[in-house]
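Spelled out, the chains give:
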Amino acid sequence: MRVSRCFLPVLKESPADAQIVSHKLMLRAGLVRQTAAGIYAWLPIGFRVLKKIEQIVREEQDRAGAQEMLMPTIQSADLWKESGRYDAYGPEMLRIKDRHDREMLYGPTNEEMLTAIVRDDLKSYRDLPRNLYHIQWKFRDEVRPRFGVMRGREFLMKDAYSFDLDEEGARLSYYRQLLAYLRTFQRMGIQAVPMKADSGPIGGDLSHEFIVLAPTGESEVFYDAAFEAIDWNQKHLDYTDEAGLHGLFAQVSATYAATDETHDEARWAELPEERRRTGRGIEVGHIFYFGDKYSAAMGLKVSGQDGNMVTPMMGSYGIGVSRLVGAIIEASHDDAGIVWPEEVAPWQVGLVTMRADDATSVDVAEDLYARLTAAGVETLYDDRDERGGVKLGSMDLIGLPWQVIIGPRGLAHGVVELKNRRTGEKIEISPDAVVGRLTS
Ligand code: P5A
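Residues numbered from 1 in each chain as written. Predicted model: local features only at pLDDT ≥ 70, side-chain atom pairs only at ≥ 80, totals over all residues. Heavy atoms only, no water.

It is worth spelling out unusual backbone geometry at this point. A cis amide bond, omega 0°, links Leu128 with the succeeding residue Pro129. Considering the arrangement of structural elements, one finds Pro129 in the loop between helix H5 (111-119) and strand S7 (130-139). Within the chain, Asp101 stands out as a residue other than glycine whose phi angle is a positive 70°. The topology assignment puts Asp101 in the loop between strand S5 (94-97) and strand S6 (103-106). The backbone of Phe147 sits at a positive phi, close to 60°, despite the residue not being glycine. Within the secondary structure, Phe147 sits in the loop between S7 and strand S8 (154-164). (Helix = DSSP H or I, 4+ residues; strand = E, 2+ residues; numbered from the N terminus.)

Spelled out as structure tokens, the structure:
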């Protein structure tokens with residue numbers, strides 16, 4: 001992409017209304033614009049990141065055996081009256097009336113809707129287990145929307161829902177999602193620690209939040225340093241390996257980690273002092289096992305192996321896809337701007353000419369841009385007639401993993417500069433070697 005053709009409104013000054021670094025950087029680097037309190041438009045660069053995060057979430061959900069679908073944002077209040085949550089949900093629910101005076105709402109979550117959808121089609125134990133998910137916008141009329149996309153009113157969530165014949169099966173579904181979450185967050189270049197949590201308005205008695213450690217997080221967290229040593233990717237573990245999944249859950253449960261909501265002083269005190277870690281964290285995911293709460297209330301039943309009717313056991317599993325954009329920035333930035341992990345970066349490489357009036361530099365840049373693009377390397381080419389320093393400043397702010405910097409001084413010796421945004425390390429390299437280096 002050529003910067004001269006991009007809608008990339010970079011701000012020099014830090015916006016006064018943004019309190020935390022990720023929100024400031026998202027506004028400054030032109031990722032989002034607020035359109036109403038807690039509601040944001042995703043500008044092209046922010047949208048690219050959002051899509052990358054969404055794709056990682058999707059691939060890991062598919063691998064874990066969940067199946068993607070898409071449910072609407074607007075729901076009928078009748079569904080929520082069936083489960084009994086319509087009144088209980090309170091003022092966070094945006095309630096709407098249509099022209100026929102029917103009560104509707106903008107969905108804050110989809111337990112009811114999916115239970116109603118599968119109710120007529122899941123008929124027998126042979127139709128279970130099932131896990132269905134979608135990635136869709138939600139609305140929660142938060143009292144205090146703040147920190148930009150971190151606590152928005154409209155936000156993008158991946159929400160999955162599992163249906164199993166019995167508790168044993170449902171627990172395995174829960175453990176599979178636990179593993180999928182560990183892998184998902186690791187692929188995004190962040191560490192999210194699973195912590196025992198309260199289940200709140202979703203319900204149930206087994207629940208974990210996934211917390212990215214960051215000083216600006218909304219929750220206070222307490223955890224055992226042993227968590228830092230666990231191999232969260234669990235490469236050896238297969239989703240069909242039931243004993244292995246039980247083992248993973250046992251390991252997670254045995255290692256202390258809790259938010260302020262569930263913190264247990266007695267267990268904490270048992271930990272040797274040097275292993276106690278405290279801090280703040282951002283909740284990027286939350287999983288729930290709630291048994292038959294919705295299936296029983298909404299009359300979902302299947303015939304069991306013995307012919308008797310059985311109420312399936314359910315769980316639901318959320319990831320804050322739009323919140324993750326802010327959370328990743330909180331976890332990965334420096335004084336100059338964002339430092340994107342490669343997997344979620346909007347482009348891999350930023351190509352910059354230091355002197356737009358130097359014909360040789362422009363020729364080399366145009367040629368490299370064409371070659372990088374042909375090799376499938378996502379490249380943002382700053383072809384503007386701007387001062388080199390300004391272009392380098394906005395490249396650092398935008399935070400692409402690599403920069404290729406082209407200037408007459410280097411070209412006189414047959415080299416360009418290749419800079420690693422994270423380490424700041426620069427090497428001189430011949431233009432012909434750039435593509436090979438970035439694709440190896
Ligand atoms: C699980 C999936 C649920 O709603 N029902 C379906 C369950 N869980 S949750 O914890 O309430 O939300 C899941 C994740 O969504 C993100 N999130 C938000 N992101 C931005 N702004 C908000 N206001 C907001 N509220 C929730 C969080 O990452 C949360 O873990």
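This paragraph deals with the site of the ligand. Near the ligand you find 23 residues, and of these Glu111, Arg140, Glu142, Gly152 and Glu283 are the closest. Here Arg140 contributes a side-chain N or O atom positioned 2.7 Å from an oxygen atom of the ligand. Between the ligand and Gly152 there is a distance of 2.8 Å, counted from a nitrogen atom to a backbone nitrogen or oxygen. Looking at the shell around the ligand, the elements with two or more residues in it are S8, strand S13 (276-291) and strand S16 (313-320). (Near = heavy atom within 4 Å. Polar contact = N/O pair within 3.5 Å; in protein donor to acceptor, adjacent residues only side chain to side chain.)

All right, on to the sheet that holds S6 then. As summarised here, the arrangement of the three strands in space is S4-S6-S5, forming an open sheet in which the pairing is antiparallel. The open sheet is flanked by strand S4 (74-76) and S5, the only strands paired with a single partner. Going across the sheet, the axis of each strand differs from the next one's by a mean of 40°, ignoring polarity. As judged from the three bridges shared by S4 and S6, these two strands associate in the antiparallel manner. Pairing of Ile74 across the sheet is with Tyr106, part of S6. (Pairing = 2+ DSSP bridges. Axes fitted to C-alpha atoms, helices over the stretch in contact; angles between N-to-C directions.)

Moving on: the packing of aromatic side chains. Applying the stated rule across the entire model yields 13 aromatic pairs. Ring centres of Tyr106 and Phe139 lie 5.6 Å apart, and the angle between their planes is 50°; this geometry places the pair in the tilted category. Taken together, the positions of Tyr106 in strand S6 and Phe139 in strand S7 put the pair 33 residues apart, joining distant regions of the chain. According to the relative accessible area criterion, Tyr106 is buried, its value standing at 13%. What makes Phe139 buried here is its relative accessible area of 6%. (Phe/Tyr/Trp six-rings, centres within 6.5 Å; stacked < 30°, edge-to-face > 60°. Buried < 20%, exposed > 50% of the residue type's maximum accessible area, 1.4 Å probe, protein only.)

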